[in-house]
Amino acid sequence: MTLDPKESTSNSLSAGLCIAVLSSFVNGSTFVLQKKGILQAQKRVVLGQVGNFLAYNMAPAALVTPLGALGVPFGSLLASYMLQENLNVLGKLGCVLSCAGAAVLIIHAPKSENVSSRMELEEKLGDPVFLGYLCVILLLLLLLILWVAPVHGPTNIMVYSTICSLLGSFTVPSSKGLGLAAQDVFTRDSSNQRALCLLGLLLVTLASSVLIQFTYINKALEHFDSSVFGAVYYVTFTTLVTLATAILFREWSDVGAVDCLGMLCGFVTVSVGIVLLQVFKEFTWSWNDVKKAPRKKD
């Protein structure tokens, strides 16, 4: 009995969606566990990254990447329960908006992928448009890391956030590419050697990008509030990764105008929720303040 291709794609999409949500929850818990030691949190970051790798190879990156925002409300709720941190009314509203925006993203995100084999991946990697995009990203990274970060990094939150987000243009495509290349590594035909070389190249790119990302994330957490950095990092990372995967994998080619608008609205909704949850968490505003009616002046 053979499995229908549409049913197989649907099952893969559902599995990728579930893994993406689960890895977001794991990643969200690391911000809470950092209160008890950065080493404990980093162990769980590795688990979350493994989950992301599996999710990226089962579902379109345009769907998986924005769902990373679910880790923020989960982490806030966990901190409220485990660390007794205050979650004000704006934070609760941010949780609701983040979850609602994520639901909109799931509904309107691309449901299929245009790159499903190593041969197609190699063709896309050699595309002049993508190569030009990578050259621009590399030049920006060199400029930021060598000249801008040493001077303005500790005072400007956008510097470290942009570096980490630009590196996402390598980590996410590499994660997806590893799964495609690994399928041909253990075959006995002549393509085995090409697949092995591609696998090694993608693995080195992924490892290097992740290590540099961790370095600058830790630097950012040393100089800036983790809540504000998390909100800014989510928006910049999601935007640049979506752009990179759109250029490489062409996941948006079969998406209509309505779904594109729905994705944009979902992304904006999640971003607003993250800002309310993270940036305004120190506000001492409760439901009692909302219920108080302004007094009429005589």
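All of the points below concern the structure found in this document. (Residues numbered from 1 in each chain as written. Predicted model: local features only at pLDDT ≥ 70, side-chain atom pairs only at ≥ 80, totals over all residues. Heavy atoms only, no water.)

**A few points about the nonpolar core**
We count it as follows: In this description, a nonpolar core means a group of buried Ala, Val, Leu, Ile, Met, Phe, Trp, Tyr and Cys residues linked to one another through side-chain atoms lying within 4.5 Å. In this scheme, a residue with accessible area under 20% of its type's maximum is buried, one over 50% is exposed, and one in between is partly exposed, where area comes from a 1.4 Å probe on protein chains only. Elements are defined by DSSP. Helices are runs of H or I of four residues or more, strands are runs of E of two residues or more, and each kind is numbered from the N terminus. When checking whether two residues touch, look at their non-hydrogen atoms; a contact exists if any pair is within 4.5 Å.
If you look at the biggest cluster of nonpolar residues, it comprises 58 residues, and the most contacted ones within it are Leu141, Tyr160, Ile163, Phe229 and Ile274. Only α2 (38-56), α3 (61-64), α5 (89-108), α7 (128-152), α8 (157-185), α9 (191-223), α10 (226-249) and α11 (257-278) provide two or more residues apiece to this core. The biggest single contributor to this core is α8, with 12 residues. Excluding residues within four positions of it along the chain, Leu141 makes contact with Ile163, Leu166, Leu167 and Phe170.

**Examining the side chain of Ser165**
Secondary-structure assignment places Ser165 in helix α8. The exposure class of Ser165 is buried, given its relative accessible area of 0%. Not counting chain neighbours up to four residues away, the residues in contact with Ser165 comprise Tyr233, Thr236, Phe237 and Leu240.

**What to know about the packing of aromatic side chains**
Operational definition: Classification of ring pairs uses Phe, Tyr and Trp, with its six-membered ring standing for Trp, and accepts pairs whose centres are within 6.5 Å; under 30 degrees between planes counts as stacked, over 60 as edge-to-face, and the remaining range as tilted.
In total, this model carries 3 aromatic pairs according to the counting rule given. Judged by centre distance (5.8 Å) and plane angle (45°), the ring pair of Tyr160 and Tyr216 falls under tilted. Of the two residues, Tyr160 sits in helix α8 while Tyr216 sits in helix α9, which places them 56 residues apart along the sequence. When sorted by exposure, Tyr160 lands in the same class as Tyr216, which is buried. Between Tyr233 and Phe237, the aromatic rings sit 5.5 Å apart at their centres with planes inclined by 55°, giving tilted as the arrangement. Remark: Phe237 and Tyr233 occur in helix α10; sequence separation between them is 4 residues, near one turn of the helix.

**Observations concerning α7**
To keep it simple, the criterion reads: Take the residue count of a helix, subtract one, and multiply by 1.5 Å to get its expected span. In this scheme, the bend at a residue equals the angle between the axes fitted to the seven residues that finish there and the seven that begin there.
In this model α7 runs 33 Å from its N-terminal to its C-terminal C-alpha over 25 residues, within 8% of the 36 Å that 1.5 Å per residue would give. At Leu144, α7 shows its maximal kink, close to 40°. All of the buried residues along α7 are Phe130, Tyr133, Leu134, Ile137, Leu141, Leu144 and Ala149.

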